[in-house]
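Each chain is listed here by its residues.
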Amino acid sequence: MRDGGGRAVAGLPVPMPSVRHDERRPLSPAATLIGPARALEAVLAPGPGPGRPPGLPRPAPGTRRAMKWQQVQEGPSAVYVVVLDQGEDAVAELTAFARERSLGASQVTAVGAFSQAVVGWFDRQAKDYRHIPVREQCEVLSLIGDIAVADDGPTPHLHAVLGLSDGSTRGGHLLSGRVWPTLEVVVRDSPAELAKIHRPDIGLALIDPG
C-alpha cells in the first residue's frame, strides 16, 4: 500500500478493489449438473470457438447471468418461454429450469443454434449412447422432447436435428449443446405428473404412464 505522500510502504499488502454485493452472482443450479458438461468436454477436442462480439465481456469462472424466462400462459397448463444465451449448455440449463419450476409433465420445443454439440445414438447391445460429436457451428433445425420425473427430479428427454454448413444434418438424443448465439425454448406444462422408471433390461429410464 502507499503512505499519505503516495509512496509504497514495503511489507504491507496492496488492498484489493472492493466489489459491490450486487456484482456477486450465485452459481447456477446447473453448475451441479455435470453430466452434460462432461459429455461435451470429453468428446469435443478443445479448439477456438466462434468468438464473442466486440465489447462483450466474458463471465468470470463460476458465475453466470440469470436464466431468462417468461411465463406466457397462466393456469394449470402453464406455458413458458426460456431464452438461453451464448456459452450456456442447453441440457444442463433446461434441467435446472425444470427442477426450479417443479415441472412434472411437459413438452419442449426449441429453435436456435449451437457452436458445438454432442448427440447420441442408443446402442441396444451396449445399453448406452454412442456419442456423435458436432464440432462446428450448427443450426438447431428441430429440438423436441418432454420432461418427466426421474429418481433425481424432473429430467428433460430431448432429441435434436442439427444443420451443418454444407446443408447436411446430424441428429439424435441431445447429450449437450453449447448455445451460440441463442436458443429459444417453449415449455408447455400440464397439471399431471409423469414418472420415469429405470428399465435395467433396456438400460434407460422410460416414462411409465400407469
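Structure's up top.
Below or above, wherever it landed, is the structure these notes cover. Since the model is a prediction, treat every value here as computed from it, not as a measurement.

## Remarks on helix α2 (residues 90-100)
Then step 1. Buried residues dominate α2, accounting for nine of its 11 residues.
Then step 2. Residues of α2 that are buried: A90, V91, A92, E93, L94, T95, A96, F97 and A98.
Then step 3. Structurally, the start of α2 carries an N-cap: the backbone nitrogen of V91 is 3.1 Å from a side-chain oxygen of D89.
Then step 4. Of the residues flanking the end of α2, it is S102, one or two places downstream, whose phi is positive at about 55 degrees.

## Quick notes on the pattern of salt bridges
Then step 1. As enumerated under the stated definition, the model contains four salt bridges in all.
Then step 2. The salt bridge involving D152 is made with R99; its shortest N-O contact spans 3.4 Å. Of this pair, D152 sits in the loop between β5 (138-150) and β6 (153-163) while R99 sits in helix α2; the two residues are 53 residues apart in sequence, bridging distant segments of the chain.
Then step 3. The exposure class of D152 is exposed, given its relative accessible area of 53%.
Then step 4. In this structure, the salt-bridge partner of R199 is D201, at a minimum N-O distance of 2.9 Å.

## Thoughts on unusual backbone geometry
Then step 1. A cis amide bond, omega 0 degrees, links W180 with the succeeding residue P181.
Then step 2. Examined against the element boundaries, P181 turns out to sit in strand β7 (residues 169-189).
Then step 3. Backbone geometry at S102 places phi at a positive 55 degrees, although glycine is not the residue there.
Then step 4. Relative to the helices and strands, S102 is located in the loop between α2 and β3 (105-123).
Then step 5. On the basis of relative accessibility, which here comes to 57%, the residue S102 falls in the exposed class.
Then step 6. With a phi close to 55 degrees, K127 is a non-glycine residue in the positive phi region.
Then step 7. For K127, the location among the structural elements is in the loop between β3 and β4 (128-134).

## Here's the deal with the pairing of strand β2 (residues 79-85)
Then step 1. Of all the seven residues making up β2, five are buried; the element is thus mostly covered by neighbouring parts of the structure.
Then step 2. Across five bridges, strand β1 (residues 68-73) lies against β2 in antiparallel orientation. Bridged to Q70 within β2 is V81.
Then step 3. Counting the residues in the hairpin turn of β1 and β2 gives five residues, including G75, whose phi is positive at 90 degrees.
Then step 4. Examined bridge by bridge, β2 and β7 share seven bridges and lie antiparallel to one another. Counterpart to Y80 in the pairing with β7 is V187.

## Brief notes about the side chain of S176
Then step 1. Following the sequence through the fold, S176 ends up in strand β7.
Then step 2. Taking relative accessible area as the criterion, S176 reaches 0% and is therefore assigned buried.
Then step 3. Side-chain polar atoms of S176 contact the side chain of D89, separated by 2.2 Å.

## Some details on the environment of V185
Then step 1. Structurally, V185 can be placed in strand β7.
Then step 2. A sequence separation of 74 residues divides V185 from V111, and the C-alpha atoms of the two residues are 6.8 Å apart.
Then step 3. Sequence-distant contacts of V185, defined by excluding residues within four places in its chain, comprise Y80, V81, V82, L94, V108, T109 and A110.

## What to know about the environment of R135
Then step 1. Here R135 is to be found in the loop between β4 and β5.
Then step 2. Residue class for R135 comes out exposed when judged on its relative accessible area of 55%.

The rules behind these values
- Residues numbered from 1 in each chain as written.
- Predicted model: local features only at pLDDT ≥ 70, side-chain atom pairs only at ≥ 80, totals over all residues.
- Heavy atoms only, no water.
- Buried < 20%, exposed > 50% of the residue type's maximum accessible area, 1.4 Å probe, protein only.
- Helix = DSSP H or I, 4+ residues; strand = E, 2+ residues; numbered from the N terminus.
- Polar contact = N/O pair within 3.5 Å; in protein donor to acceptor, adjacent residues only side chain to side chain.
- Salt bridge = Lys/Arg side-chain N within 4 Å of Asp/Glu carboxyl O.
- Pairing = 2+ DSSP bridges.
- Contact = heavy atoms within 4.5 Å.

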